[in-house]
Structures are given as C-alpha cells and as structure tokens.
Amino acid sequence: MSTHVDVEFKSPEAGEPSRRASCLPGATILDAAHACGVEIVATCGGRGRCRSCRVQVLEGQVPPPTVQDNIQLGPEAVRERFRLACQTKLIDDVKVVALPPRVEAGHQIMAAAKMSDDAALEIASGVVKRLVTAKAPTSEHHQSSDHEEVWLALGEGVAREMPLDVLRKLPMALRKESGKITVTTFNNRVIDIEPGDTTAQAYGMAFDIGTTSIVGSLMDLATGEELATVGGVNPQAPYGGDLMSRIAFAQFNDKKLQTLRAKVLNAITDFVKEACERANVSIDHVYKIVVVGNTCMHHILFGIDVSYVGLAPYAPVVRDPLAYPARELPLKGIPNAMVCTLPIVAGFVGADTMACVLATRIYESEVVRALVDIGTNGEVVMGSKDRLMACSAPAGPAFEGAQIRHGMRGAAGAIERVEIDEDVSCNVIGGSQPIGICGSGLIDACAKMIDAGVMDRTGRLRLRQRDNLPAAVGKRIVDGPNGVEFVLAWAESSGKGEAVTLTQADVRQLQLAKSAIYSGVVMLQEVMELPNDDFVELMLCGGFGNYIDIASSVKIRLLPELPVERITYVGNAAALGAQMALLSEAERDRAWELAGRIEHVALAARPEFQDIFVDGMQFGEPARAVPAAPKIVAVGG
C-alpha cells in the first residue's frame, strides 16, 4: 500500500499545464493545493463555512460528502462531485479542478485621505542626510581608521556605531569623490553612506496593511510630497478572509506563519519597487517605511507568533512602536530602509487604530466624538481630550462579500447600490452586468428591502406576504433549493448566467457582522454615559466605510440611530496616520503616549454586551407597512 497519495490539479484554463502534489493520506485537497502552489481561496480559513474553496473531483475516490459540503454547495452540486477542498480528505490518487476564481478586476482600494490645513505637521522624519568631507588615514603613525575619520567629520550627536553593511561600503565611498560623502542617519544612527552629494534624495513609504487590502504611498521626506500610490488585495486572503481565520491557519505552526509572512513581505517589496519606478526614484534612497495594521497583521509581518493573540486574554506579544532595518525582516532589495510601526493599544486594537487617532486628532477634541473603522476587524475609538476609550468589534468578512452566496469584493461587476420601488434596480461597479454583490450593496439592499417590506425587522424574508408587494417585487421572493431568496438580478440580466440573489443565510451573516460594529459603538456609549443627543460626530474611517450609504447603514443598525448629518466620511485615516508618522517622528512619539492613555474595553467581558448584541441584530422600522398574512381560523369541530 502506498504511503502517499497523488493529487493532480487540472487548470480551468485551456492549454494551461496541470500541477501535482504528493501528500500523506488524511491531508485535505486544500493542503495539497498549497503544497504545489495552487492558490485555492479559503475565505473562512478552511473551516467549511463558505464555498470559496470548491473543487470538482474528475477522477479518483474521495470520502462521502461532509455536512459542510451539503450545506455550502447543495445536494445537486455534491452529486456532480463538487466538494469543499478544505473538508475533503485524501484517501486515493485524484484529479481535481478548482473552480475559476471570480474575476474581481478594478478592486477598489482607497488611498490615504488628504491632510487638512489644521492637521499640518512639522516635517522631521528622523532621516537626515549630511554631506561631509573626511580624509582617509595617510600615515602609519596615525592610529585611526576610515570609520573614525567619518565619525569625527559628522560631529557630536551621531552614534559611533555603524551597521556592518555600511562599514563594508565605507572604503570605496571615502576614496571615490576626494572624501566627499553623504551620510544618512535615522534618529542619529548611521544607516547609509555613499560617495558624492545625494542629500536631495530622501524618500519613504507609508503602508496600511489591512486584512483584505494593502495600500502604500511613496513620499519625499524633505517636502512631504506624495509621489506615488500603490495598492491591491492582501495576498494572505486565500488563507482566511478574517484575522481569526489567519490566526487559526498559523496557530502553533511556524511553517504556516512563515507562509503568511512571506506573502506580505513579498507584496511590500513589490509595491515599493512599483512606486519607485512610477516616481523614477532609486530604491536605494528609500530610508524609512512606516507600516500600520491590526495586531494580527503587525505580528505576522515581523514573524511573531500569533497563537496566543487568538486565545484569551488576546494579549499582543509586544505593544511598543518598533524600528528595524528592512534587511532584518527581510525586505529584499530595499537595502537602506528602516521599517517602523506605531504602537498597539491592546488586544486587536492595533497600530492602524493609532494611525486613525493621529489622523483625526480626536485626542484634541473639546467634545466627545467617535471614529469607527468598519472592516473584517472593526475598531471604535470614542472620547475627547479628556478621555479616550477603544474596543475591537470583529465583524468577520461578510462586508467583503465572504460567506455571502453571491458575495464579492468591491470590484467590477459588483452590485453596490440597490433601489426598490415597483421593481428592483441595481447600480453595478463598472456599469457592467452584475456578477455578485459587495458589502456596500449588501447593506443598501437590506435597507431597501426593509423599507419595501420585503423582510421584517428580524431579518426574515416575507415569503408569505409577497402578494402584498408590487407584483414585480413580489415575484423576486422565491423559495429556492437552499431556502428563501430575494432575486436582485435575474439570470438573463446577470453577467454569469445565473441569478444574483440574497438568501436568508446571507441576511443572517450581515446581521452578525453589523451587530458587532453597532454593539461596539453602543457599548462605549454606555460606558461613557453618552446618549445619542450628546453624540456630536461619528467619523467613518477606512476604505469600506467610505463606500457605504450612511442612511442605509443607520436603517439596518450598522450605525447607531444618529441624524445622518452627524456621521461623516474621513477617508482612509489609517493610511493618512501612517503618512504622518512617516514624515514626523514626533507623531510616532505622540502615538506611544496616546496608546498609554486610551482605555481598552473588552466587549465580551462586559455582562451587558450580549443584550446589546442581540438588540443590534434587529433592523430599523420599515418605511411603509406591509399587511400581515391573513390568519387561518378553524371553524367547527
């Protein structure tokens, strides 16, 4: 009997070669895919809670379908030998084909917000380039060295120690331009040396590493000018759509941790190169990189074990702001940069939240305000100059389209707005036929379904009351093979040959996600004894928060019941805060001081949180009432 089983992954694209993996029996098809470089997406982290990793078994034997196979794929697909790669264990040699990944061209990545005049800061990045003249030792009787001569030329205040890479460049640099050299320091420590005068060339990059996407900006460290913006989907996404799935993937497994780490390091390296090429600057002159992200993304970047971050009491390994040479991470091909972070507050309230605090200046406010970063891991900060409180609200990946039957990210073909009157009309990103629905569309659709009477406040689709709706709308409430669904786009008008629908299960996923955010805000309101009438402003941060419709968000109770004029968009505040920390070491220092002042509220530890969460599952009142279904009264015996 063979001790291994062979898996052949046939490409869904004609003419593309197959890939093969050899695994021990008991491994999953998903394990085999990762082993041979086939990137099958597992949005739920391989827990059988979505269908993104579905494959079709073409040849060979596999175990009977699991409960998760039947729930996520349906009996008909299972009969056609479709399976979830994460749930299907290998017992025999097999040939499979992974379903083609959904095309999400034009994925919307929000760059940093623009710095307002009142948020202007003094540029002092910590990077200083000095042009000095130093003579190489000329006499055997003079007890000196190249290093000492340069250090003496620099004058007081610069640390004597030099990195080994700099010492290796020193002999040539000192003798090439008659002793004229440019020495670059970061916080008065030498990080680079080169011949001649390059003092005008000093650049840095600010990165916001989100669970879903990465965005970066190349900036001139002398002027603060933004030279290029880059970004894309976080390449860790195939290993889990939310941070708990990423932690579960890498928990107590250093090899998997290094897999996630390599993905983000390679992405940052590629983005730095892309930005430098666009701006026509040398990557050797990138001296500072500031990275912000939640606690999980922060630890993975540095290769720090995330196992205990995922276990109570969810304590980070380190909270301090860090600064290490890029070569130590390693970020290959970026030889002279220092990689810096902002501090972590506690738990999952990470460096990205601190960047939002810097960008919004909430710590200077005379009145109580709140900032809310809506995403797979939402954060809420509430307070003023007198007191600041923060909590983490893990919403999960539903806002990014994960675990939604026809869900997708905000890309071309995604429904992003919905109107319901006598019938349904949808606004689609890119103006093409719809192939799915993104988070903003999901929120808008549910709000309009509530207003139209398609579903009630509990989120139940009103199948029995559909005859009371406009005829065209009522026909869209159907009893499908997987339960009640509401058709947003019929098969003939969609871009993928099947109807784009919202299922009852989709609505429940949205309820869980939106209640997490809503409950985080309300919980902090209760702790701070802040009624809605005294709530001056709620600021929406992050890329996703700036694409949602505010009125719809209040209607579904994603946000508290505030007048819409008190809810404002502030753009990608995390990316802006990273830029501020890039240009000013004083801002990094301020972040560390503020992190010590912010009070962290652990939601699950508060006895009242469960009641708030359950209440947050409800939707708002419908705009127009729908008559109840007639009661059937038995007459006679």
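Refer to the preceding data block for the structure.
Since the model is a prediction, treat every value here as computed from it, not as a measurement.

**What to know about unusual backbone geometry**
Negative phi is the rule for most residues except glycine; trans is the rule for most peptide bonds. Between Ala312 and the following residue, Pro313, the backbone shows a cis peptide bond with an omega angle of 10°. Here Pro313 shows up in the loop between helix H8 (295-301) and strand E13 (323-325). Residue Pro330 follows Leu329 across a cis peptide bond; omega there is 0°. By the element assignment, Pro330 lies in the loop between E13 and strand E14 (338-341). Even without glycine at this site, Asn188 takes up a positive phi of about 65°. Among the secondary structure elements, Asn188 is positioned in the loop between strand E7 (180-186) and strand E8 (189-195). Judged by its relative accessible area of 37%, Asn188 is partly exposed. Of note in this structure, Arg361 is not a glycine but carries a positive phi near 55°. You can see Arg361 is positioned in the loop between helix H9 (351-360) and strand E15 (369-373).

**Here's the deal with a nonpolar patch on the surface**
Residues Phe252, Tyr308 and Leu311 make up a contiguous nonpolar surface patch of roughly 340 Å² in combined accessible area. Mapping Phe252 onto the fold places it in the loop between helix H6 (243-250) and helix H7 (254-279).

**Quick notes on the nonpolar core**
As a rule of thumb, nonpolar side chains are buried together in soluble globular proteins. The biggest cluster of nonpolar side chains holds 68 residues, and the ones touching the most others in it are Ile374 and Phe399. Sequence-distant contacts of Ile374, defined by excluding residues within four places in its chain, comprise Phe399, Ile517, Leu540, Cys541, Phe544, Gly545, Ile548, Leu558 and Leu559.

**Side note on the pairing of strand E11 (residues 226-233)**
Pairing analysis gives seven bridges linking strand E10 (residues 213-220) to E11, with the strands arranged antiparallel. In the sheet register, Ser217 faces E11, and the bridge partner there is Thr229. Here E10 hands over to E11 after five residues, with Gly224 in that stretch at a positive phi of 80°.

**Some details on the sheet that holds strand E2 (residues 19-23)**
Ordered by their spatial adjacency, five strands build an open sheet running E2-E1-E5-E3-E4, and the pairing between neighbours is mixed. Among the strands making up the open sheet, the edge pair consists of E2 and strand E4 (82-84). In this sheet, neighbouring strand axes are inclined to one another by 35° on average, regardless of whether the strands run parallel or antiparallel. Relative to E2, strand E1 (residues 5-10) runs antiparallel, the two sharing five bridges. Counterpart to Val5 in the pairing with E2 is Cys23.

**Thoughts on helix H17 (residues 609-616)**
Within H17, the full set of buried residues consists of Phe609, Ile612 and Gly616. Down the axis of H17, the smallest arc covering the buried residues is 65°, so these residues share one side. Exposed side of H17, more than 90 degrees from the buried face: Gln610, Asp611 and Val614 are the residues found there. For H17, the elements touching its buried residues are helix H12 (504-528).

**Side note on the packing of H6 against H7**
Two elements in contact, H6 and H7, have axes whose closest approach is 7 Å; the angle formed by their N-to-C orientations is 135°. One finds that H6 runs oblique with respect to H7. Listed contacts from H7 to Arg246, Phe249 and Ala250 of H6 are Lys256, Leu257 and Leu260. A per-class count over the contact of H6 with H7 returns four nonpolar, no polar and two charged.

Rules and cut-offs
Residues numbered from 1 in each chain as written. Predicted model: local features only at pLDDT ≥ 70, side-chain atom pairs only at ≥ 80, totals over all residues. Heavy atoms only, no water. Helix = DSSP H or I, 4+ residues; strand = E, 2+ residues; numbered from the N terminus. Buried < 20%, exposed > 50% of the residue type's maximum accessible area, 1.4 Å probe, protein only. Patch = residues over 30% accessible without salt bridge, like charges linked within 9 Å, V, L, I, M, F, W, Y side chains within 5 Å. Areas by Shrake-Rupley, 256 points an atom, 1.4 Å probe, with all protein chains shown as cover. Salt bridge = Lys/Arg side-chain N within 4 Å of Asp/Glu carboxyl O. Core = buried A, V, L, I, M, F, W, Y, C linked by side-chain atoms within 4.5 Å. Contact = heavy atoms within 4.5 Å. Pairing = 2+ DSSP bridges. Axes fitted to C-alpha atoms, helices over the stretch in contact; angles between N-to-C directions. Arc of directions from axis to C-beta. Parallel < 35°, antiparallel > 145°, perpendicular 65-115°, else oblique. Nonpolar A, V, L, I, M, F, W, Y, C, P; charged D, E, K, R; others polar.

All quantities given are derived from atomic positions and should not be read as evidence of function.
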